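Letter by letter, the chains look like this.
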Amino acid sequence: MSDTRHTKVLIIGSGPAGYTAAVYASRAMLAPILVQGIEPGGQLTTTTEVENWPGDTEVQGPDLMVRMQDHAKAMGCEVIGDIITELDTDARPFKAKGDSGTVYTADAVILATGARAKWLGLPSEEKFKGFGVSACATCDGFFYRGQEIVVIGGGNTAVEEALFLTNFASKVTLVHRRDTLRAEKILQDRLFKHPKIETLWHHTLEEVVGVDAPKGVEGIRAKHVETGEITEIPAKGVFVAIGHAPATELVTNKLELHNGGYVKVKAGTTETSIPGIFAAGDLTDHVYRQAVTSAGMGCMAALDAERFLAAQD
Ligand code: FAD
Ligand code: NAP
């Protein structure tokens, strides 16, 4: 028989949005339950230095997320290591199934499931995932000591990953489809000055080249976006850093989405198209996608949920 837990507020996700919602909902005496998901602490656990979290000139992403978790617990939130596999948005109270077998029922739900790394969708990328192809430099960079590495992308993540990988690699080549980067200027400056980093402009990844026994990457074939000319680059590691997509699996065809799949909220609030379900963080934000903005939205979601529950009473 499955275990059923009822809560006034169920928070799904343990990134900055989820933990901030947990702090505020706990202080509103709503005794929230937070379910952490497959990545406790969220995206910041996949990075190293965070330099734009107010109050910390520099903090390690994983440390910051442990502090947020401790803060949420100290305020009274129950933090559970489980993954929500299904959310019934028609039931009242709302009903969420956990991978553990536990069923969570809730008067209000705060969705803070964030975003996940995007992939290019190439067969060769798929073939070598985990065997030289990765989307997380902090997780896998260590395996490429003294080796050559390629990073694909031109945003903050790609540039940070390229810089971080210089700690291990003999050379890092950043391959970008345009000749200007989307990354912040301070990061660009560090990238261009770095002696181990080269950039290959106007190119996309055409194919990851490797061997089968033992399975591993040997390099890439990059294609010029205008001329179609192929450049071969030797590399043992390929890091794909082309952005993130919102994690909306639980609510596809249930909540209104927009801007390429982000959960739509009423302007200036965290209210979704279903009263009682609130959304915060990268899941709903195609513009800013920062830890501090996600935390801000987590706060808003808890306050919105509190008002919603008070009106129900
Ligand atoms: P996320 O951090 O994405 O967390 C989502 C959470 O939802 C996870 O805990 C996951 O386990 C959980 N979840 C998902 N599905 C389920 C489910 N079905 N059931 C239960 N739980 C679920 N921002 C900055 O401001 N500064 C930086 O320096 C910075 N560096 C970054 C470096 C990297 C490499 C990356 C990838 C991002 C970086 N960002 C940075 C962006 C920042 O990490 C995000 O904006 C922020 O983490 C979004 O927070 P979030 O709470 O919305 O979601
Ligand atoms: P992003 O800003 O969306 O950048 C994605 C990059 O990948 C872009 O340069 C894009 O190219 C490229 N790209 C996308 N699809 C591609 C494809 N199919 N083929 C080749 N290239 C492709 O994503 P991100 O860098 O992951 O950042 C996501 C959010 O997190 C941003 O808001 C960012 O500010 C935030 N973040 C912040 C920090 C920080 O504050 N230090 C660190 C990391 C992330 P184009 O430029 O041509 O579109």
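Residues numbered from 1 in each chain as written. Chains lettered and ligands numbered in written order. Predicted model: local features only at pLDDT ≥ 70, side-chain atom pairs only at ≥ 80, totals over all residues. Heavy atoms only, no water.

1. Concerning the environment of Glu249
Move 1: Note on placement: Glu249 falls in the loop between β18 (244–246) and β19 (257–258).
Move 2: Here Glu249 falls in the exposed class, since its relative accessible area comes to 53%.
Move 3: At 2.8 Å, the side chain of Glu249 forms a polar contact with the side chain of Arg116. (Helix = DSSP H or I, 4+ residues; strand = E, 2+ residues; numbered from the N terminus. Buried < 20%, exposed > 50% of the residue type's maximum accessible area, 1.4 Å probe, protein only. Polar contact = N/O pair within 3.5 Å; in protein donor to acceptor, adjacent residues only side chain to side chain.)

2. Some points on the layout of surface pockets
Move 1: Of the volumes computed, that of the second largest pocket is approximately 190 Å³.
Move 2: Lining of the second largest pocket is provided by 13 residues; of these, Val265, Thr284, Asp285, Tyr288 and Met297 occupy positions nearest its centre.
Move 3: The class makeup of the residues in the lining of the second largest pocket is five nonpolar, seven polar and one charged. (1 Å grid on protein atoms, 1.4 Å probe; cavity = no way out; pocket = protein on both sides within 12 Å on 5 of 7 lines; lining within 4 Å. Points joined across faces, edges and corners; volume = space filled by probe spheres on them. Nonpolar A, V, L, I, M, F, W, Y, C, P; charged D, E, K, R; others polar.)

3. Topic: the site of ligand 1
Move 1: Lining the immediate surroundings of ligand 1 are 35 residues, of which Ser14, Gln36, Glu39, Gln43 and Asn52 lie closest.
Move 2: Within the backbone of Glu39, a nitrogen or oxygen atom sits 2.8 Å from an oxygen atom of ligand 1.
Move 3: Take Asn52: an N or O atom from its side chain is 2.8 Å from a nitrogen atom of ligand 1.
Move 4: Taking 1,000 Å² as the accessible area of ligand 1 by itself, protein coverage stands at 94%.
Move 5: Every element with two or more residues in the shell around ligand 1 is listed here: α1 (16–27), β9 (115–117), α5 (156–165) and α7 (291–312). (Near = heavy atom within 4 Å. Areas by Shrake-Rupley, 256 points an atom, 1.4 Å probe, with all protein chains shown as cover.)

4. What to know about the domain arrangement of the protein chain
Move 1: In terms of domain boundaries, the protein chain breaks down into domain 1 (4–116 + 244–312) and domain 2 (119–240).
Move 2: Measuring from the centre of the C-alpha atoms in domain 1 to the corresponding centre in domain 2 gives 32 Å.
Move 3: Listed by partner, the interface residues are six residues for domain 1 and seven residues for domain 2.
Move 4: Between domain 1 and domain 2, roughly 480 Å² of surface is buried when both sides are summed, and carbon and sulfur atoms account for 42% of that area.
Move 5: Taken together, the connections running from domain 1 to domain 2 amount to one salt bridge.
Move 6: Taking the shortest distance from any N to any O, the salt bridge between Glu51 and Arg190 comes out at 3.1 Å.
Move 7: The residue inventory of the side of domain 1 that touches domain 2, partitioned by class, reads no nonpolar, five polar and one charged. (Domains from an automatic or database assignment. Contact = heavy atoms within 4.5 Å. Buried area = accessible area lost by both parts, 1.4 Å probe. Salt bridge = Lys/Arg side-chain N within 4 Å of Asp/Glu carboxyl O.)

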